[in-house]
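Working through the structure, step by step
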Amino acid sequence: MFVLTVDQRGSRRDIDRVGPLLEDLARHPLLRPFERTAGDEVQAVAADADTVVDLVLELVRREHWSIGVGVGTVEEPLPAQTRAGRGPAFEAARDAVERAKKTPAGVAVEGADPQAAADADAALTLLALLVSRRTPQGHAAVALARGGLTQAESATELGISKQAVSQRLIAAGWHAEVAGRQLAARLLGRADR
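Residues numbered from 1 in each chain as written. Predicted model: local features only at pLDDT ≥ 70, side-chain atom pairs only at ≥ 80, totals over all residues. Heavy atoms only, no water.

A few words on the nonpolar core. Grouped together as the largest cluster of nonpolar side chains are 38 residues, with contacts concentrated most on Leu 4, Val 56, Ile 67, Val 69 and Leu 188. Every element with two or more residues in this core is listed here: strand S1 (2-8), helix H1 (18-25), strand S3 (41-46), helix H2 (49-62), strand S4 (65-71), strand S5 (107-111), helix H4 (114-132) and helix H8 (174-191). Excluding residues within four positions of it along the chain, Leu 188 makes contact with Phe 2, Ala 49, Val 52, Val 53, Val 69, Val 71, Val 109, Ala 120 and Leu 124. (Core = buried A, V, L, I, M, F, W, Y, C linked by side-chain atoms within 4.5 Å. Buried < 20%, exposed > 50% of the residue type's maximum accessible area, 1.4 Å probe, protein only. Helix = DSSP H or I, 4+ residues; strand = E, 2+ residues; numbered from the N terminus. Contact = heavy atoms within 4.5 Å.)

Set out below in structure tokens:
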């Protein structure tokens, strides 16, 4: 099981970004949806490592969040409200988000198996750094590629040449992201065993 605890960075000097975030993240398949837990912090429960990777990278792209991923067991049955959940994965997520606040990528993973969690942490950190350094044009090209569009279709959508789409995807590290997502999900799965 995976618990994500996500805290808004610099919230005392910024607007409250939690409301729009909750609306935007509601489409993801979660066991318990993102819910405000306190102030500028949200929390969710997921069963699927691919979903966790998707969420982490979406949050990284938004640039305003410290992301903690806790891996482990939770007390079941899960309560109706996310914030009422308990168990080692919730505790690990709390430790992870505190550590994430001090990392360059803003992401951390904690779990019962420290080595497996460290491996997943390393993979997500590398992915987060790749995504956080993309240009807006790179994000746009990657979003279309992730949506299943061909480079020719993406070129039409963006109003640029197919070669320009190819260059944007290369500069954005799209192919590395695809492999990195698979690696991160496998490592999160191992940490959850």
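Continuing now.
With that settled, consider the pattern of salt bridges. Counted under the stated rule, the structure contains 16 salt bridges. Here Arg 36 ties to Asp 16 by a salt bridge, and the two come within 3.1 Å at their closest N and O atoms. You can see Arg 36 sitting in strand S2 (residues 32-38) and its partner Asp 16 sitting in the loop between S1 and H1, a full 20 residues away along the chain. For Arg 36, a relative accessible area of 31% gives the class partly exposed. Assessed through its relative accessible area of 46%, Asp 16 is described here as partly exposed. Close ionic contact of Arg 94 with Glu 98 constitutes a salt bridge, the shortest N to O distance being 3.6 Å. One end of the pair, Arg 94, and the other, Glu 98, are both in helix H3 (residues 88-100), 4 residues apart, so they sit about a helical turn from each other. (Salt bridge = Lys/Arg side-chain N within 4 Å of Asp/Glu carboxyl O.)

With that out of the way, let us pick up the pairing of S4. Burial within S4 is extensive, with 7 of its 7 residues counted as buried. In S4, alternate side chains face the same way, and those of Trp 65, Ile 67, Val 69 and Val 71 on one face and Ser 66, Gly 68 and Gly 70 on the other are all buried. Looking at chain direction, S1 and S4 are connected through 7 bridges and run antiparallel. Across the sheet, residue Val 3 finds its bridge partner in S4, namely Gly 70. Pairing of S4 with S5, which is carried by 5 bridges, proceeds in the parallel orientation. When the sheet's bridge partners are listed, Val 69 is paired in S5 with Val 109. Traced from S4 through H3 to S5, the parallel crossover comes out left-handed. (Pairing = 2+ DSSP bridges. Right-handed = clockwise from strand over helix to strand, strands pointing away.)

With that settled, the discussion passes to the sheet that holds S2. Sheet architecture is open: 5 strands sit in the order S2-S3-S1-S4-S5, paired in mixed fashion. Edge strands, defined here as strands with exactly one partner in the open sheet, are S2 and S5. Going from strand to strand, the sheet's axes swing by 20° on average, the running direction of each strand aside. Lying over the sheet, H1 contacts S1, S2, S3 and S4, oriented at roughly 170° with respect to S2. (Axes fitted to C-alpha atoms, helices over the stretch in contact; angles between N-to-C directions.)

When two helices pack together, their arrangement is given by the angle between the helix axes and the distance between those axes. Where H4 contacts H8, the two axes come as close as 8 Å, and the packing angle between them is 155°. The angle between H4 and H8 places the two elements in the roughly antiparallel class. Here H4 and H8 pass one another in a crossing that is left-handed. For the pair H4 and H8, contact is made by Ala 116, Ala 117, Asp 119, Ala 120, Ala 123, Leu 124, Leu 127, Leu 130 and Val 131 and by Ala 176, Glu 177, Gly 180, Arg 181, Leu 183, Ala 184, Leu 187, Leu 188, Arg 190 and Ala 191, respectively. In the contact of H4 with H8, the residues fall into 14 nonpolar, 1 polar and 4 charged. (Parallel < 35°, antiparallel > 145°, perpendicular 65-115°, else oblique. Left-handed = near helix turned anticlockwise from the far one by under 90°. Nonpolar A, V, L, I, M, F, W, Y, C, P; charged D, E, K, R; others polar.)

What follows is about H2. Taking 1.5 Å as the rise per residue, H2 with 14 residues should run 20 Å; its terminal C-alpha atoms sit 20 Å apart, in good agreement. For H2, the full list of buried residues reads Ala 49, Thr 51, Val 52, Val 53, Leu 55, Val 56, Leu 57, Glu 58, Leu 59 and Val 60. Looking one or two residues past H2, Glu 63 carries a phi angle of roughly 70°, positive in sign. (Expected span 1.5 Å × (residues − 1).)

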